[in-house]
Each structure stands twice: as C-alpha cells, then as structure tokens.
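Single-letter residue listing:
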Amino acid sequence: MGIGIVAGAVGASLVVLIVLFKMMWRVAEPNEALIISGSNHKNEGLGDGMGFRIVTGRGTLVVPGVQAVRKLSLDLNETQLSVECVTHQGIPLKVRGVVIFKVGDDFVSIANAARRFLDQQKLMSERVHIVFAGHLRAIVGGLTVEDMIRDREKLTGQARSACGTEMEKLGLIVDSLQIHEIEDPTGYIKNLAAPHAAAVQRDARIAQAEANRRATEAEQQAAARMSEATRDSEILQAGYQAERDQASARARQAGPLADAASRQEVVVQETRVAELEGLRKEQQLQAEVRKPADAMAYETRTLAEAERDARISAAQAKARETELASAATATATRVTGEAEAAAAHAKGLAVAEATRAKGLAEAEAIKARAAALAENQEAVVAQQLAERWPEIVEAGASAFGNVDQMVLLNGADGMAEMFAKALTMGGTGLGLARQLLATMGPNGAERPAAAVPAARGGEEVTTVEITVGDDA
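Remember, it's a predicted structure, so these values are computed and weren't measured experimentally.

Chemist: Is there a simple way to think about the overall build of the protein chain in this case?
Modeler: Helix and strand content of the protein chain: 13 helices and eight strands. Burial statistics for the protein chain: of 472 residues in total, 21% are counted as buried. Across the protein chain, contacts joining residues at least 24 apart in sequence account for 68% of those joining residues at least 6 apart. A total accessible area of about 32700 Å² is found for the protein chain, and carbon and sulfur atoms account for 57% of it.

Chemist: For this particular structure, what's the right way to read the pattern of salt bridges?
Modeler: A side chain of one charge can pair with a side chain of the opposite charge when the charged atoms of the two come close. Scanning the entire structure with this criterion turns up 15 salt bridges. Between lysine 71 and glutamate 32 there is a salt bridge, and its shortest N-O distance comes to 3.8 Å. Here lysine 71 is found in strand E5 (residues 68-73), whereas its partner glutamate 32 is found in strand E2 (residues 32-37), with 39 residues between them in sequence. A salt bridge links glutamate 210 to arginine 214, with the nearest nitrogen and oxygen atoms 3.1 Å apart. Within this pair, glutamate 210 and its partner arginine 214 are both found in helix H6 (residues 188-325), separated by four residues, close to a single helical turn. According to the relative accessible area criterion, glutamate 210 is partly exposed, its value standing at 27%. Several salt bridges share partner residues, and in doing so they unite Glu210, Arg213, Arg214 and Glu217 into one network.

Chemist: Explain the nonpolar core to me, please; I cannot follow it from the model alone.
Modeler: Generally speaking, nonpolar side chains in soluble globular proteins are found buried as a group. Counting residues in hydrophobic clusters, the biggest one holds 42 residues, and the most contacted among them are Phe132 and Leu172. Per-element accounting of this core gives the leading share, eight residues, to helix H3 (residues 124-141). In contact with phenylalanine 132, other than residues within four places in its own chain, are Leu81, Val99, Ala159, Cys163, Met167, Val174 and Leu177. In this structure, Ala28, Leu34, Val55 and Val62 belong to the second largest nonpolar core, which totals five residues.

Chemist: So what exactly am I meant to see when it comes to the environment of valine 83 here?
Modeler: In this structure, valine 83 sits in strand E6 (residues 77-86). For valine 83 and isoleucine 130, which are 47 residues apart along the polypeptide, the C-alpha to C-alpha distance reads 9.6 Å. In this structure, valine 83 is in contact with Leu93, Lys94, Val95, Ala133, Leu136 and Arg137, ignoring residues within four places of it in sequence.

Chemist: Help me understand a nonpolar patch on the surface in this model?
Modeler: Together, Val6, Val10, Leu14, Val15, Val16, Leu17, Val19, Leu20 and Met23 make up a nonpolar patch on the protein surface, roughly 780 Å² of accessible area in all. Structurally, leucine 17 is set in helix H1 (residues 2-24). Taking relative accessible area as the criterion, leucine 17 reaches 53% and is therefore assigned exposed.

Chemist: Just checking my understanding: could you explain the pairing of strand E7 (residues 92-103) for this structure?
Modeler: Two strands pair when backbone bridges link them, and E6 and E7 are joined in this way by ten bridges, in the antiparallel orientation. By the bridge assignment for E7, valine 86 is matched with proline 92. Here E6 folds back onto E7 in antiparallel fashion, the turn holding five residues, of which glycine 90 has a positive phi close to 80°. One ladder, built from ten bridges, connects E7 with strand E8 (residues 172-183); its direction is antiparallel. Paired with lysine 94 across the strands is glutamate 183, a residue of E8.

Chemist: It is not clear to me how the side chain of threonine 79 should be interpreted in this structure. Could you clarify?
Modeler: Relative to the assigned elements, threonine 79 resides in strand E6. Engagement of the side chain of threonine 79 in a polar contact is seen with the backbone oxygen of serine 125, the distance being 3.3 Å.

Chemist: Quick question: what am I supposed to make of the confidence of the model for the protein chain here?
Modeler: Any residue range with low pLDDT should be treated as having predicted coordinates unsuitable for detailed reading. Residues with a pLDDT of 70 or more make up 73% of the protein chain, whose mean pLDDT is 75. At the level of individual helices and strands, the protein chain shows its lowest average pLDDT in helix H13 (residues 455-458), which scores 41, and its highest in E7, which scores 89. Taken as a whole, residues 426-430 scores under 50 in pLDDT and shows ten contacts with residues more than four places along the chain or in a different chain.

Chemist: Please explain the sheet that holds E6 as it appears in this structure.
Modeler: Sheet strands line up and pair through hydrogen bonds in the backbone, either parallel or antiparallel. Spatially, E6-E7-E8 is the arrangement adopted by the three strands of the open sheet, whose pairing is antiparallel. Lying at the two open borders of the sheet, with one neighbouring strand each, are E6 and E8. Along the sheet, successive strands turn relative to each other by an average axial angle of 25°, direction set aside.

Chemist: Looking at this model, I keep getting lost on the packing of H3 against helix H5 (residues 152-169). Mind explaining?
Modeler: Pairs of packed helices are described in terms of their axes, by the angle between the two and the distance that separates them. Where H3 meets H5, the axes come as close as 9 Å, and the angle between the chain directions of the two elements is 135°. Between H3 and H5, the interaxial angle falls into the category oblique. For the pair H3 and H5, the sense of crossing is right-handed. Facing H3, whose interface residues are Val128, Val131, Phe132, His135, Leu136, Ile139 and Val140, H5 presents Leu155, Gln158, Ala159, Ala162, Cys163, Glu166 and Met167. Partitioned by chemical class, the residues of the contact of H3 with H5 number eleven nonpolar, two polar and one charged.

Cut-offs and rules
Residues numbered from 1 in each chain as written. Predicted model: local features only at pLDDT ≥ 70, side-chain atom pairs only at ≥ 80, totals over all residues. Heavy atoms only, no water. Helix = DSSP H or I, 4+ residues; strand = E, 2+ residues; numbered from the N terminus. Buried < 20%, exposed > 50% of the residue type's maximum accessible area, 1.4 Å probe, protein only. Contact = heavy atoms within 4.5 Å. Areas by Shrake-Rupley, 256 points an atom, 1.4 Å probe, with all protein chains shown as cover. Salt bridge = Lys/Arg side-chain N within 4 Å of Asp/Glu carboxyl O. Core = buried A, V, L, I, M, F, W, Y, C linked by side-chain atoms within 4.5 Å. Patch = residues over 30% accessible without salt bridge, like charges linked within 9 Å, V, L, I, M, F, W, Y side chains within 5 Å. Pairing = 2+ DSSP bridges. Polar contact = N/O pair within 3.5 Å; in protein donor to acceptor, adjacent residues only side chain to side chain. pLDDT = per-residue confidence, 0-100. Axes fitted to C-alpha atoms, helices over the stretch in contact; angles between N-to-C directions. Parallel < 35°, antiparallel > 145°, perpendicular 65-115°, else oblique. Left-handed = near helix turned anticlockwise from the far one by under 90°. Nonpolar A, V, L, I, M, F, W, Y, C, P; charged D, E, K, R; others polar.

This is how it looks when you write it as structure tokens:
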C-alpha cells in the first residue's frame, strides 16, 4: 500500500511539474517577438539594465508572478498617404501614395518599437503617416511640378532618406514607398500637358492618316491582287473550258470522222476494185480484140507483101521476056533509043522536079496558112480580103449597075457613104468574104472551085432602090 501511495505521489508530482512547465514555457512565433520584463537580462546589442528580455523564434521559461510576457507583432503594416503640398513654384498639389513598413528584425529595432508601440500597435500606421506627411511637404516644397512628374523616383528616394532616421528611432523599417497619384486642383499639370497632348494628338492623327493611307494602299494592292488572281483564274477556267469544249468537239466529231474514214476506206476499196476491173477489161480487150486485129493486120500485110512480090516478080519476068524478045531489035535502035531515053529521062526528071517543087511550095504555103489561121484567123481573113478586094469592090459596085442617074448631095463623102450602105445592105462583099472563107479548108488550104457556091447564087442579095430626080 505504501508503494501505491508513493507511486501516486510521484505521478501527481509529475503532473504538477508538467502543468507548471506548460505555464512557464513561452514560444515566440516567426512573426512576433516576446518582450519579457520583470528581471534584469542582458541582450545582444543592448546595454545592461534594460529591464526586459527579447525572445524571437524560440522558446523560453517565464516565472509566473515574477516576470510578465507580452508580444510585439513583426508583421507588415501599411498606411495610405494623402498629403496636401505646395511646390517650389507655389502650386498646390495633393500627393497620394502608400507606405509599407514593419518592425525591424534586430533587437535594437524591436526594443525601440517595444518602448514606443508595445501597448499602441494599432496607432503605428497613424504615427508613420504623420512622419511621412511632414517630410513629403518639406520635400515637395523644394521641387517643381515638372520634377515631380518627370522623376518620381527622386521624390520617393528623398522621402525615404528623410524619414529613415526617424523611422529607425521608432524601430521601424520601410519596405516600400509608392507615390500613386499627384492631384492638381488648379489644372497646372493639365495645362502643362496640353502642348504635349496636342502634339501627341497631332502625331496620333498623322499616324492614323498614315495608317489609313497604308491600309488603303494595302487594300488597293490586295484588291488588285484579287483582281489579278480572279483574272488568272478566269483565264485558266477559260483555258480549261476551251480544252473541255475541244475534247467535247473531238468526241462529237469522232463518230462522223469514223464514218467518213470508213466511207473513205470503202471508196478507196471501190476505186481499187474499179481499177482492177478496168485492168481486167483492158487485158480482156487486148486478148479478145487487139491481138486478133494485130493478127489479121499481120495476115493482110503479109498477103499484100506476097502479092506485091508476086507482081514485082511477074513484072520482072515480063520485062526480062520483053528484053530478050527485043534484044535483037535493041541493038539496031540502041543508039536512037538511048538518046531518046536520055532525053525523055531528062524531061521526066525536070517535070518531076518541077512538080515536086510546086507541091512542096503549096504544102509549105498551106502549112503556113494553117498555122497563121490557127494563131490569128482575123489577120488571115484580112489578108484574103485584101487579095480579093478588087472582086469585092466589083461585086459591091454591081449594086449600082441598074442606076441610070444618081444625085449626090455631099460630093465624095456622099458617094463613100452611099457605097458603104450599098455594100452593107446588099451583102455582096460579105457574101464574097464568106465565099473566100469557104474556099479555105481546115488547114487553110483552098477548096476546089466546084465546092464553093457562087456569091450571087449561094447568098441572098438585097437590092437597093435609088430614086433619081427628073432633072439629074
């Protein structure tokens, strides 16, 4: 039983010790610092006799009733700045910005912040706003509006530098200072920006006009390219359509062409057959007509030659017989006969030569007249008329044979006119010309006189009656 009591006492003691440890042990969070007061402690970087101890990021024992433990936040804080300032030019402005700050991480900053804000941490932003507002007014008073607009970093840097010492005394550090806006109730900034705005607007309008021009050019070029592409497409389509039409035409013509080719082949074959038939008929004619005719002609020619040879032989024999019979008398009369024969022979030769020369001359004349008549019939007729002109005039004058008296009014001209009318009306000259042409054969040779009708008998003669006055 005694062991149980001892064990219970030990267990109770342990529980009491654990409870006391829990009550005495304090741990600092990463974003806070423990300020332990009630005993004299020595901290790194701080002098002796601070009267409090600073603990960050670890745990420590605190004697309840003897030491007091409070926390100091190390979180970020911010304060909105809205400060009315006057520039070096005397222009009122309102500066808006934000300051982000926190308690420093070193023990000195924590100690300074603990002495000033440990019980007033909610008023920390207000205090910081007051500090920055005063310094901003001082800084802006030394600057112009142009400096503030063109170089805000300068304003921010000067503000941070001016507030750094005071913030350090407060145990605070500035993480960020941003100037958001500079308000100009007088419109100075707006007027200051007006020339630039006008220039910008001008440049914008110029740029817009240039952009519009380029866009228009691009659109026109695109339209031209589209038109060109459309033209090329239409040309290609027309070419394709032409090829299709040509193919269709060839397809449509294929049947008629094939029929024509077939008909052409038939005609060629028929022509070949006709040629073969003609050759066959020609060979048949050669075999059936020409060769028998040649044989008959050969027979006739052979018989005629044999008859001629027989007559020649008979004549020779008769001449031989006569020669032998007259051989006796030939000697007596040989001298006389030879002389007479020589004379007759010479006379016959002369007559034959004259006849031959005349025949050749007439033949040459006929040949020349035929050639001339073939080439220029009018010239030959004119020549013949000229040769027979006396006869023609005589025939024309015969129309006046029954005229006793004639009255001429125009002298020689009237006589020529009357003679021409008589020739024309009577037709005597025309009949004589026709008679002359009728005497000419096909080759220009003259026909026998018996074959040509008389001019007055063969042609109708018109008689001209002429009335002659009583006193002529």
